[in-house]
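# Overview (structure and organization)
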Amino acid sequence: TPKKAPFNTTGIEIVEGSLWNGFGLGGTLLYDMEGEGNLSTWQLGVPIAYVYDKIPNNFFSGAAQASVGHHFVDWSRLVFSDQLDPSLGFFKDRSAAQTGEVKPYFVNLNAGFLWKGLFAQLTSKSKDPSSWTMGFSIHNINRPEHSLVGNQSSRMPRRYTAQIFINLFIKKWEDDKGSPT
């Protein structure tokens, strides 16, 4: 029989882009199994997005996602050094690592925005299709706890992401008849 592969991550996302006046809604599901199933995490999220494209040559969008997740540790499959004795071998059912107030459920918040514009808006006579895109996002806004042994200071760090992208259209080469080559 085949063995279960370690470090499996499964995710699915369903998004409906334009529900009402530029708003979109979706759902995400993530399941992550570390090692041979000793640590697993699932997360269920609801992203909400808004797109504003009423200004010529500009496109603005923003999104936020709230999600709830759950960490699970199968303590019965783990052995720690304080459970072992050189003479007796395995002698304790429970490790000191298993103590503490464990809060395996967590709520996580993420948000971001994106702005896309055309260089043509900078000059009145230009028909240049070159564009730029700028975006910024923040993950783990509320820094949820993710301790599995009750350590109150173990929080997910905030993660900031910024991006700038420039799409330059150089020249469209044409033959003598005006057709692209």
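Each remark here, short or long, concerns the structure printed above.
Inspection of the entire model under this criterion finds five aromatic pairs. Measuring from centroid to centroid gives 4.7 Å for F23 and Y50, while their planes differ by 50°, and the two rings are tilted. In this pair, F23 is assigned in strand β2 (residues 23–34) and Y50 in strand β3 (residues 39–52), connecting sequence segments 27 residues apart. A relative accessible area of 34% places F23 in the partly exposed class. Taking relative accessible area as the criterion, Y50 reaches 32% and is therefore assigned partly exposed. Ring-pair connections join several aromatic residues into one group, and the members of that group are F60, W115, F119 and W132.

Further remarks concern the pattern of salt bridges. Following the criterion strictly, the structure yields one salt bridge and no others. Among the salt bridges present, the one from K54 reaches D53, with a minimum N-O distance of 4.0 Å. For D53, a relative accessible area of 44% corresponds to the partly exposed category.

Moving on, we get to the environment of F113. Locating F113 in the fold gives a position in strand β7 (residues 105–118). According to the relative accessible area criterion, F113 is partly exposed, its value standing at 46%. Separated by 52 residues in the primary sequence, F113 and S61 have C-alpha atoms spaced 5.6 Å apart. Beyond its immediate chain neighbours, meaning those up to four positions away, F113 contacts S61, G62, M134, G135 and F136.

Rules behind the numbers
- Residues numbered from 1 in each chain as written.
- Predicted model: local features only at pLDDT ≥ 70, side-chain atom pairs only at ≥ 80, totals over all residues.
- Heavy atoms only, no water.
- Phe/Tyr/Trp six-rings, centres within 6.5 Å; stacked < 30°, edge-to-face > 60°.
- Helix = DSSP H or I, 4+ residues; strand = E, 2+ residues; numbered from the N terminus.
- Buried < 20%, exposed > 50% of the residue type's maximum accessible area, 1.4 Å probe, protein only.
- Salt bridge = Lys/Arg side-chain N within 4 Å of Asp/Glu carboxyl O.
- Contact = heavy atoms within 4.5 Å.

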